[in-house]
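An overview of the molecular structure
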Amino acid sequence: MMSGKPVSGGAAGPWHWLSASVRGAAHHRSGLPNQDAVRVARCPLPDAAEGTDAPALVLALADGHGSARSFRSREGARLAVAVALRAAAGLPPSSAPSRRKRWAEEQWPTTLVRGWQAAVAQRLARRTFTAAELDPLDAPGRAAVASHPALAYGSTLLGVIVTPEAILYLQLGDGDLLTVGVDGTVARPLPPDARLLGNETTSLCAPRAAEDVRVYCQTLAGAPPALILAASDGYANAFRDDAGFLQVAQDLWDLLRTGGEAAVRPHLRDWLAEASQQGSGDDISVAILWRAAPIAIASTAADPSPAHQPPRTAPCTNS
């Protein structure tokens with residue numbers, strides 16, 4: 001039986017969202033908790049031209065490393081999400097879009113990393129490492145944690161801020177950010193990071209983490225995406241190849257476009273749990289943002305029955 005929080009959702013302006021997280025099948029077997037964290041929240045941002053607050057959405061998704069040395073990474077992921085939501089308040093007013101781009105590139109990564117490191121230091125000051133946490137580590141592991149305590153809280157982070165003028169994307173570590181156009185075209189706003197090989201990933205706990213953060217600013221002067229999907233790496237790893245995973249984003253857009261939220265929300269956690277059971281075995285968390293205005297453009301994907309047809313799972317054969 002599946003346990004955990006229900007699917008969350010809401011709306012801000014033309015954008016709607018859903019988010020969900022499931023404990024991985026392998027974690028159920030081993031007794032480990034879900035080490036992902038995901039939240040989407042409304043964030044009123046100052047609009048200097050209008051003298052009012054403009055509606056915005058902030059998405060944050062973190063994946064705790066879960067390794068022996070990162071034994072508090074579940075807590076580290078939750079801290080990452082909380083810090084990311086607070087950091088969005090520093091976005092400059094919309095009267096200066098170029099300032100927003102500079103903020104995203106120059107201040108957003110530093111604000112997030114410093115905020116997370118400060119939160120970790122506060123937690124550690126209140127609750128030092130216990131013998132039960134340290135005893136399972138070998139000598140090099142204990143030495144690594146002693147010299148760099150933030151390692152125990154290690155986590156990746158995905159972030160998206162949607163404003164009326166632009167969408168800001170941020171990625172540190174593994175996981176995926178995908179967009180779907182109104183014609184069903186799937187794209188990555190940030191290209192794959194060549195440094196992420198095997199189980200290696202950049203992380204909030206790295207000494208120079210702010211330098212590893214990648215950011216992209218997409219102006220909405222042209223055609224904004226119809227859907228944005230953020231997912232922890234457990235989702236993509238449940239597929240035989242990248243094409244199968246990209247198809248999921250397109251399928252979700254088809255379901256939402258033709259059937260609305262009711263075509264996805266009741267089934268989302270079951271779909272994620274199935275992907276983990278048949279594929280990666282890892283925790284899987286997703287956040288979906290989409291524009292709910294009707295679009296009179298035929299999809300390039302198959303035409304599923306919204307109430308019953310899930311996104312294709314294509315589980316890995318070696319899992």
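Everything numeric in this text was worked out from a predicted model, so none of it was measured.

**Digging into the packing of aromatic side chains**
One pass over the structure, following the stated rule, counts six aromatic pairs. Measuring from ring centre to ring centre gives 6.1 Å for Tyr169 and Tyr216, while their planes differ by 25°; the resulting arrangement is stacked. Here Tyr216 lies in strand β11 (residues 214-219) and Tyr169 lies in strand β8 (residues 166-172), a separation of 47 residues in the sequence. A connected cluster of aromatic rings, assembled from ring pairs, spans Tyr235, Phe239 and Phe245.

**Focus: the sheet that holds β8**
Strand order in the open sheet formed by five strands is β3-β6-β7-β8-β11, with antiparallel pairing between adjacent strands. A strand with exactly one partner marks an edge of an open sheet, and here the two such strands are β3 (36-42) and β11. Sheet twist, expressed as the mean angle between neighbouring strand axes with direction ignored, is 5°. By the bridge criterion, seven bridges tie β3 to strand β6 (residues 57-63) in an arrangement that is antiparallel. Bridging from a neighbouring strand, Val38 pairs with Leu61 of β6. The sheet contacts of helix α2 (residues 73-87) involve β3, β6 and β7 (157-162), and relative to β6 the element is tilted by about 160°.

**Focus: the confidence of the model for the protein**
On average, the protein scores 86 in pLDDT, and the residues at 70 or more come to 87%. Looking across the protein, the model is least confident in strand β5 (residues 52-54), with a mean pLDDT of 60, and most confident in strand β12 (residues 227-231), with 98. A low-confidence stretch, residues 294-309 stays under pLDDT 50, and its non-local contacts, those more than four residues away or across chains, total 30 contacts.

**Things to note about the pattern of salt bridges**
Counted by the stated rule, this structure contains 14 salt bridges. Two residues, Lys101 and Glu105, come together in a salt bridge whose shortest N-O distance is 2.6 Å. Note that Lys101 and Glu105 are positioned in helix α3 (residues 97-126) at a spacing of four residues, about one turn of the helix. Look at Lys101 and you get partly exposed, because its relative accessible area is 37%. Residue Glu105 is classed as partly exposed on the basis of its relative accessible area, which comes to 41%. The shortest N-O distance in the salt bridge between Arg195 and Asp212 comes to 2.9 Å. One end of the pair, Arg195, is in the loop between β10 (186-187) and α6 (209-212); the other, Asp212, is in helix α6, and 17 residues separate them in sequence.

Rules behind the numbers
- Residues numbered from 1 in each chain as written.
- Predicted model: local features only at pLDDT ≥ 70, side-chain atom pairs only at ≥ 80, totals over all residues.
- Heavy atoms only, no water.
- Phe/Tyr/Trp six-rings, centres within 6.5 Å; stacked < 30°, edge-to-face > 60°.
- Helix = DSSP H or I, 4+ residues; strand = E, 2+ residues; numbered from the N terminus.
- Pairing = 2+ DSSP bridges.
- Axes fitted to C-alpha atoms, helices over the stretch in contact; angles between N-to-C directions.
- Contact = heavy atoms within 4.5 Å.
- pLDDT = per-residue confidence, 0-100.
- Salt bridge = Lys/Arg side-chain N within 4 Å of Asp/Glu carboxyl O.
- Buried < 20%, exposed > 50% of the residue type's maximum accessible area, 1.4 Å probe, protein only.

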